[in-house]
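Each chain, written out:
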Amino acid sequence: MDTKKWWKDKNVWLRYVMAFLGTCGVCYLGSIAGMEHASFSIMSVPVMILLTRLLAWTEKQLKETEDKRQLGRRVKYAAIVSFLFSVTMIAGYQLQSFGMTGLGVRGKALVLLRSASLSVAVFPFANIFFTVVEKIPSGSPLQGQQAGRKAWKVFGISTAAIFLCLIPVWLAYYPAIMSYDFHRQIGEASKGFAWFWPYQPIAHTWVIWLFLQVGYACGNLQTGMACMALFQMLVYSLVTGYACAFLYRILRKRWAVVAGILFFGVFPLNSVLVLCATKDILFGTLFLLFILLMAECFFFSEGKRQAVMAVFLLLEGSLMMQFRNNCIYAVAVFGVLWALAAAKREKLKVILLCVLLVAGGKGTGMAIKAAIGTELEIAKVEMYSVPIQQFARVGYYHGGELDDETWQLLNRYVPQECWEDYYPPISDGIKGIVAVTTFYENWDGHLGQLLTDWIQLGIRYPNEYIDAFLELTRGYWFLDDRSYAECLGYGTEGRLGTIYTHNIAFFDDGSEIRHESKFPWLEAQLEKIVSGNTYYNWPVISLLFRSAFYLWALLLIWIVFLYRRQKRQAVFCLFPLLYMGTMLLGPVVQMRYVFPIMLSLPVLAGLLMISEE
């Protein structure tokens, strides 16, 4: 028997087996995604044929790679990404179709096995992705006096262009989009500083108060809110103009500037969100500025200039943390990881900078609170969103079969009367009930007992704990998720789709700040997208409107940094990853929470072009 022919035949049969496994994974995915009897369908035959050919082409390409060490690295990374993607698709569609993932050890094992099968079909595409990544050139960015003049010119043009692009949207939503938590904050701002509640960042409530005073001075509160929208637009345009100039310094291409202007100024999610009077807009803008200043420290500065940029970073970071209460935790953990990864000669400077950042953020917050004079404390119930949902899910599915001891334990934390109100994608409903019933008696200040009871119940009902967390965060990791855009409904009448654009600027006396569009046609077109979710019907492009797309893009950029051995970039990228880690503990997935990452992605992707040297 010809040994070579035997080995060749063996590889062919192995390829057929792998193609069959991949087809099983694809068919299972199709069946839970809504295609009935996908495995029995005749369509499974061409799927297997195409997959066999694709695997053969991939095998040939891999054999042509001369550097065997690099080959092994590419296969490993492609396999990891393929499996992660497959797990999210299988688990996501199970949750979306059945309301739960596979039950018990067997069910979870089947999720992993089916994901492994599906990853066979995904692997060729992941291999192509990393092949392309290897070819991305890297070099030194523009520097020097001439580069500075060009960068300033790009900054000026970009800032003006982005601001001009936003004006029609501002007219469409005149005076501003007063939604989300605005109703609570406008009430506090109208009553005075003593009513400022840290449930929302006090700094942002003060901004609303400031422009409310402008409205009172002008004799028209609409004018005050219109000025607030213009202020946000100006700050946003300046920072994103800086981002365009930053990208030009790296890429040295005009198309990068044009693409940046279109993304920051025209893309509907960005241009509409900028008009929202919610804390996430100023925070997202300051978050991008923090990323840019940190990049200056990491890649563009040495000596005295680096010290100056560090001061700017410290001041800006302290301000940024005032607009998001959870951001300080990401900064603290990032500081520890940055210090561990830093070279010996840089460790002391990094530790000092990060300690000053955390102290600056905390100290600035305390100073603002003291200056305003409010004695109200921050609402701690928000940080317990995940365990509240886990308790509620146990009660929802097993409330009628609990023994007395377990019933009492569960009722101690989440009242029995609200178990039936459990709603997987958002915890606000039950969280609000817990806040006024059991929180101060059994949650706040009872961490030890809470942790003990939480673990005890979780051991008994692990499926509910896992699925409650996955349901609450599904919009961050499942690319076909719709809950982030539908959790309170959607449609142009209610204006509660991907972005909430309904007006809730009401005062306690029943008066309101009215929304009066100055450009109704444009508002109607934008409402079809951000409230009516018409992008569901746009192939491929619809991915740009999905919250999970931006989290996947962030994760892939970080993985690419690791793959290309760009250590400084990989450490740099940990900050936005850690920030999003804090968001996984939040009460709901909404597009505004992803806004900081959306803005930062072009800059993070641009860092791929900077040489590690």
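Presented here is a report on the structure given in the accompanying data block. (Residues numbered from 1 in each chain as written. Predicted model: local features only at pLDDT ≥ 70, side-chain atom pairs only at ≥ 80, totals over all residues. Heavy atoms only, no water.)

Taken together, the side chains of Leu14, Val17, Met18, Phe20 and Leu21 present a nonpolar region at the surface, about 430 Å² in accessible area. Its place among the elements puts Leu14 in helix α1 (residues 3–32). (Patch = residues over 30% accessible without salt bridge, like charges linked within 9 Å, V, L, I, M, F, W, Y side chains within 5 Å. Areas by Shrake-Rupley, 256 points an atom, 1.4 Å probe, with all protein chains shown as cover. Salt bridge = Lys/Arg side-chain N within 4 Å of Asp/Glu carboxyl O. Helix = DSSP H or I, 4+ residues; strand = E, 2+ residues; numbered from the N terminus.)

Here the structure, examined in full by the defined rule, presents 47 aromatic pairs. Seen from their ring centres, Phe263 and Phe264 are 5.3 Å apart, and the 65° between their planes marks the pair as edge-to-face. For the pair Phe263 and Phe264, one class covers both residues: buried. Following the ring pairs from residue to residue traces out a cluster consisting of Phe283, Phe287, Phe290, Phe298, Phe299, Phe334, Trp338, Phe572, Phe575 and Tyr579. (Phe/Tyr/Trp six-rings, centres within 6.5 Å; stacked < 30°, edge-to-face > 60°. Buried < 20%, exposed > 50% of the residue type's maximum accessible area, 1.4 Å probe, protein only.)

Approximately 930 Å³ is the volume attributed to the second largest pocket. Lining the second largest pocket are 35 residues; nearest its centre among them are Phe85, Leu479, Leu543, Phe549 and Leu556. When contributions to the lining of the second largest pocket are tallied by element, the ones reaching two or more residues are α1, α2 (44–63), α3 (68–98), α4 (104–134), α9 (254–265), α23 (547–563) and α26 (591–606). A per-class count over the lining of the second largest pocket returns 31 nonpolar, two polar and two charged. (1 Å grid on protein atoms, 1.4 Å probe; cavity = no way out; pocket = protein on both sides within 12 Å on 5 of 7 lines; lining within 4 Å. Points joined across faces, edges and corners; volume = space filled by probe spheres on them. Nonpolar A, V, L, I, M, F, W, Y, C, P; charged D, E, K, R; others polar.)

A word on the packing of helix α25 (residues 574–583) against α26. The geometry of α25 relative to α26 is characterised by a closest axis approach of 11 Å and an angle of 165° between their N-to-C directions. As summarised for this structure, α25 and α26 are arranged roughly antiparallel, according to the angle between their axes. You can see that α25 and α26 cross each other, and the crossing is left-handed. Where α25 abuts α26, its residues Pro576, Tyr579, Met580 and Met583 lie against Tyr593, Pro596, Ile597 and Leu604. (Axes fitted to C-alpha atoms, helices over the stretch in contact; angles between N-to-C directions. Parallel < 35°, antiparallel > 145°, perpendicular 65-115°, else oblique. Left-handed = near helix turned anticlockwise from the far one by under 90°. Contact = heavy atoms within 4.5 Å.)

Now for the nonpolar core. By size, the foremost hydrophobic cluster in this structure holds 144 residues, and its most contacted members are Met294, Met320, Phe572, Phe575 and Leu607. Counting residues per element, this core draws most heavily on helix α11 (residues 279–300), which supplies 17 residues. Excluding its chain neighbours within four sequence positions, the residues that come into contact with Phe572 are Ile291, Met294, Ala295, Phe298, Phe299, Phe334, Leu604 and Leu607. (Core = buried A, V, L, I, M, F, W, Y, C linked by side-chain atoms within 4.5 Å.)

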